[in-house]
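Structure assessment
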Amino acid sequence: NGGDNFITFHRGVKETLEFQEYCQILKKELDLVHANVIVAVGNIALWALCQRMSVMKWRGSILESTLLPGRKVIPIIHPGVALYKHIYRHWIAFDLQRVRRESASPEIPESKKQYIIGPDFETTMSFLEEIKSIKETACDIEVMNEELSCISFTHNEFLAISIPFTKNGREYFSLPQEAVVMLKIEEILSDRSIRKVFQNGSFDTTFLYQKYGIKTYNIDDTMIGQAILYPDFPKGLDFITSVYTNEPYYKDEGKKHFKFGGKMEDFWLYNAKDSAVCIEAIRKIESELYRTGNYETYKKQTELIEPLVAMSARGVRVNLEARQAKSDLFETKISELTEKLHNIAGFPLNFNSPKQLCDYFYGTKRVKPYINRKTGTPTCDDQALKRLSRKGFEEASIIREIRTYAKRRSTYLEMTLDNDNRLRGSYNPVGTSSLRLSSSKTIFDTGGNMQNLPYDIREFCEADEGYVCYQLDLSQAENRLVAYVARELTMIEAFETGKDIHRRTAGLIFNKHEDEISDEDGSCSIGDGSHSERFWGKKANHGLNYDFGYKAFAFMYEIPEADAKFIVDRYHTAYPGVRRYHKWVRDQLSKNRTLTNVFGWNRLFLEKWDDTLFKEAYSFIPQSSIGCMMNYYGVMETYYNCPYNRVELLNQIHDAIWFQIPVDAGWDYHARALLWIRANLETPITWQSQTFSIPVDSEMGKNFGHASEDNPNGLAKIKFSPGISVEELARKLEDRYNLMQ
């Protein structure tokens, strides 16, 4: 409780004198034990035995005890934590397997790795030449202030070099020497015969390409391999190191340097270690990929890196005037709604102040508070506001609308463009657990998520001057996959006969013939009566394939639970195959916790056995199969194999791709390219003896918003039937182009 009872250690850690006394007792007890390995269970044990903090970082590392010098310690997560974080059980199991292996000897393994730090020019060039002859290397870069600080290479797990480019703010090599080194690095990275191993290679290769024009080919990636083997596990190099190598945790060495500085030699050592553990880990990861039948999936996913880097580098042209006009419109909407809110409340109510909103609704309006489950305190988050809105508080609806406009303006209309006024994003080939791509800001902190742009925001994303843009979109892809995977014959019949699936579903829900289903707003009494019957058929199709409950459906679409229950029950009565599919999924998981998608990825599910796991599993086969289809038949085929090399890929948005073609290529050229790409996307796929394909919708415009009276240059559908001639399609494209301003 203070005073002399405490002794202060580094980083603010404090020990009581009583704690130190217990440590001495522990030391005496362990001196009497001759175990080859001491297991430090949790943070307190780790600190007592090794004077280290954070068992989450050090778990699995083979350490020497500071309490008992010369004794071997392996920390593990405290099993009690696994009671509420199920996935930790598997980490503990990994670490205990290491304990078992290490228990054969009391010796603390010494690293056999050697590092060349601060090499001279001759040593650098000699090492790089050796890589060329061995035909394999691992590589890692460190970037400071958007400049290459150092780069490491290794051609085996026992020797790595870190090549610096700066030291203490000055150039490391002379400029002529640096030029020679960079040219040799480019020669290695662009050589398709040399295998290059990275961790998160998308980052390194994107930086090297956009900063120096260096293209990297023949890439392997430990992060991608880990994500395919264990989607529920972390895929950072620190975790990979702890599982596949004996290298103790070291990642804080780099973080400390970025934050606090220090000796450059220590930073270079950190850089070299990244390459050394990377090449060691990839061999074990590849062995696991072969064992689990996932090597082909892994290779396809790594082949995505090259086209994703190219798409990120190209970016999309932005119409600055259109973007500013949209921002001004949002600002006007926010101002109007804010004034309306103040009039209803009777005073200026700050929509961004959680405290003021809680005081207003739970104090002034005397509503029973909605409680944040994590903090146990009253909240006015979006879910609370949605419930308040359903209770009839117009203020809550207005606040939600204001927040929507404000969020969209800050998220999409204030994204930082690059100096050429183009919008760019970075793509992660394993950004989701279903192998669907994710997108985020670029490595230079510009741009943002390119895959979630709302349609009205897409209007300011346009084709380059002299080009037209296209979007090819898999038509109702997930619904179709569900129909065939679930063997739901009523759904399959609707798709194969060209029926409107949303109208068909609405007819089955409301017990009407589908031709009698209305699509006029206000034609259905469900909820507040503002939507159509077809609308609810569409929402049912989108929401109920993966066992969405009626309470969640009611909350999602803000309708009474009785209405939601009616829709959910009628949907599953109409489509019994969906729930049969759910049962099949649970049966498959019960055998080995593994499901296989249409493209052969054997996905292991290791989280807690409960409804959350099942819901994720229900969606896995449709979502991951569509992701793979777009990645392989859309992005990769177009990038690697398209014979029409004037096609420029711009974006992938889950079940669609964007590209542009110059007008001067000729409309026959456009037609042939469009037919070629479309045919690839419609490649037949087979699932349990059923062969089917997903039709593709084709759209053309000068920007990527929907074509409308206000946006005549937006994307408009180009309708054509199978077997259309190149000449006829070319005329359709030319006619559409002539209609655009």
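These numbers were taken from a predicted model, which means no experiment stands behind them.

Now for the sheet that holds strand β23 (residues 656-662). Paired through their backbone hydrogen bonds, the strands of a sheet run either parallel or antiparallel. Ordered in space as β22-β23-β19-β26-β27, the five strands form an open sheet in which the pairing is antiparallel. Of all strands in the sheet, those bounded by a partner on one side alone are β22 (648-652) and β27 (716-717). On the sheet, helix α27 (residues 667-681) packs against β19 (467-474), β23 and β26 (696-701) and is oriented at approximately 20° with respect to β19.

For the structure on display, the rule yields 39 aromatic pairs. Where Phe-330 meets Tyr-405, the ring centres are 5.2 Å apart and the plane angle is 70°; that geometry is what we call edge-to-face. Taken together, the residues Phe-330 in helix α14 (residues 320-345) and Tyr-405 in helix α17 (residues 394-413) connect sequence positions 75 residues apart. The exposure classification of Phe-330 matches that of Tyr-405, with both residues buried. For Lys-386, the ring lying beneath its charged end belongs to Phe-555, and the centroid distance is 4.6 Å. Its guanidinium or amino end placed over the ring of Tyr-455, Arg-458 lies 4.1 Å from that ring's centre, counting from NZ or CZ.

Compared with an ideal rise of 1.5 Å per residue, which puts 15 residues at 21 Å, α27 spans 21 Å between its outermost C-alpha atoms and is within 8% of the ideal. Buried within α27 we find Trp-667, Tyr-669, His-670, Ala-671, Ala-673, Leu-674, Ile-677, Arg-678, Asn-680 and Leu-681.

Bringing the sheet that holds strand β14 (residues 316-318) into the picture now. Strand order in the open sheet formed by three strands is β15-β14-β18, with antiparallel pairing between adjacent strands. The open sheet has two free edges, formed respectively by β15 (422-423) and β18 (461-462), since each of these has just one partner strand. Here β14 pairs with β18 via two bridges, running antiparallel. Looking at the pairing, Arg-317 lines up with Glu-462 of β18.

The next thing to look at is the pairing of strand β3 (residues 38-41). Only one face of β3 is buried: it carries Ile-38 and Ala-40, and the other face, with Val-39 and Val-41, is open. As paired strands, β3 and strand β5 (residues 72-76) are joined by four bridges and run parallel to one another. Across the sheet, the residue bridging to Ala-40 is Pro-75, located in β5.

Orientation of helix α8 (residues 222-229) relative to helix α9 (residues 237-244), taken along the N-to-C sense of each, is 70°, at an axis distance of 10 Å. Overall, the two elements α8 and α9 adopt an arrangement that is roughly perpendicular. Counted together, Thr-222, Met-223, Gln-226 and Leu-229 of α8 and Leu-237, Phe-239, Ile-240 and Tyr-244 of α9 form the full contact between these two elements. Taken together, the residues that form the contact of α8 with α9 break down as six nonpolar, two polar and no charged.

Moving on to the nonpolar core. Counting residues in hydrophobic clusters, the biggest one holds 205 residues, and the most contacted among them are Phe-153, Phe-361 and Phe-659. For this core, the element with the most residues is helix α26 (residues 611-641), which contributes 14 residues. Leu-30, Leu-46, Leu-67 and Val-73 belong to the second largest nonpolar core, which has 15 residues in total.

The buried fraction of β23 amounts to seven of the seven residues, a majority that puts the element mostly inside the structure. Taking every second residue as pointing to the same face, both faces of β23 are buried, with Ala-656, Trp-658, Gln-660 and Pro-662 on one and Ile-657, Phe-659 and Ile-661 on the other. Looking at chain direction, β22 and β23 are connected through four bridges and run antiparallel. Its bridge partner lying in β23, Asn-651 is registered against Trp-658. What sits between the antiparallel neighbours β22 and β23 is a turn of three residues, in which His-654 has the positive phi angle 70°.

Confidence in the prediction of the protein, expressed as mean pLDDT, is 93, and 98% of residues score 70 or more. Scored below 50 in pLDDT, residues 1-12 makes 21 contacts in the model with residues more than four places away or belonging to other chains.

Turning next to the environment of Pro-643. Mapped onto the fold, Pro-643 is located in the loop between α26 and β22. Residue Pro-643 is classed as exposed on the basis of its relative accessible area, which comes to 52%.

Another point: the pattern of salt bridges. On inspection of all chains with the given rule, the structure shows 50 salt bridges. Here Lys-299 makes a salt bridge to Asp-220, at a shortest N to O gap of 3.3 Å. You can see Lys-299 sitting in helix α12 (residues 295-303) and its partner Asp-220 sitting in strand β13 (residues 219-221), a full 79 residues away along the chain. There is no split in this pair, since Lys-299 and Asp-220 are both buried. When the shortest N-O distance is used, the salt bridge between Lys-512 and Glu-533 registers 2.6 Å. Of this pair, Lys-512 sits in the loop between α21 (501-510) and α22 (533-543) while Glu-533 sits in helix α22, placing them 21 residues apart in sequence. What makes Lys-512 partly exposed here is its relative accessible area of 36%.

With that out of the way, let us pick up helix α25 (residues 576-592). Between its first and last C-alpha atoms α25 spans 26 Å; for 17 residues at 1.5 Å apiece the expected length is 24 Å, and the two agree. Restricting attention to buried positions, one finds in α25 the residues Gly-577, Val-578, Tyr-581, His-582, Val-585 and Leu-589. All buried residues of α25 project into a common sector of 150° when viewed along the axis, lining one side. Away from its buried face, by an angle of more than 90 degrees, α25 presents the exposed residues Arg-580, Ser-590 and Lys-591. At the C-terminal side of α25, Arg-593 shows a positive phi close to 55°.

The next thing to look at is the side chain of Thr-638. Looking at the element boundaries, Thr-638 is found in helix α26. The buried category is assigned to Thr-638, whose relative accessible area is 7%. Residue contacts for Thr-638: discarding those within four places in its chain leaves Val-647, Leu-649, Ile-657, Trp-676 and Ile-677.

This part covers the environment of Ser-433. Assignment of secondary structure puts Ser-433 in the loop between β16 (426-428) and β17 (438-440). In the structure, Ser-433 is positioned 84 residues away from Ile-517 in sequence and 38 Å away in space, judged by C-alpha atoms. When sequence neighbours within four positions are dropped, the list of residues in contact with Ser-433 reads Pro-231, Trp-601, Arg-603 and Glu-616. Polar side-chain contacts of Ser-433 include one of 3.3 Å to the side chain of Glu-616.

Further remarks concern unusual backbone geometry. Of note, the phi angle at Arg-487 is positive, near 50°, even though the residue is not glycine. As for its position among the elements, Arg-487 is in the loop between α19 (477-485) and α20 (489-496). Even without glycine at this site, His-654 takes up a positive phi of about 70°.

This brings us to the environment of Ser-693. By secondary structure assignment, the location of Ser-693 is in the loop between β25 (690-692) and β26. Residues Ser-693 and Leu-474, 219 residues apart in the sequence, show an inter-C-alpha distance of 9.9 Å. Setting aside residues no more than four positions away along its own chain, Ser-693 makes contact with Glu-682, Thr-683 and Pro-684.

For Asn-294, the position within the fold is in the loop between α11 (264-291) and α12. Using a relative accessible area of 1% as the deciding quantity, one classes Asn-294 as buried. If we skip the residues at most four places from it in the chain, Asn-294 touches Ile-228, Leu-289, Gly-600, Trp-601 and Asn-602.

Rules used in this analysis
- Residues numbered from 1 in each chain as written.
- Predicted model: local features only at pLDDT ≥ 70, side-chain atom pairs only at ≥ 80, totals over all residues.
- Heavy atoms only, no water.
- Pairing = 2+ DSSP bridges.
- Helix = DSSP H or I, 4+ residues; strand = E, 2+ residues; numbered from the N terminus.
- Contact = heavy atoms within 4.5 Å.
- Axes fitted to C-alpha atoms, helices over the stretch in contact; angles between N-to-C directions.
- Phe/Tyr/Trp six-rings, centres within 6.5 Å; stacked < 30°, edge-to-face > 60°.
- Buried < 20%, exposed > 50% of the residue type's maximum accessible area, 1.4 Å probe, protein only.
- Lys NZ or Arg CZ within 6 Å of the ring centre and 35° of its normal.
- Expected span 1.5 Å × (residues − 1).
- Parallel < 35°, antiparallel > 145°, perpendicular 65-115°, else oblique.
- Nonpolar A, V, L, I, M, F, W, Y, C, P; charged D, E, K, R; others polar.
- Core = buried A, V, L, I, M, F, W, Y, C linked by side-chain atoms within 4.5 Å.
- pLDDT = per-residue confidence, 0-100.
- Salt bridge = Lys/Arg side-chain N within 4 Å of Asp/Glu carboxyl O.
- Arc of directions from axis to C-beta.
- Polar contact = N/O pair within 3.5 Å; in protein donor to acceptor, adjacent residues only side chain to side chain.

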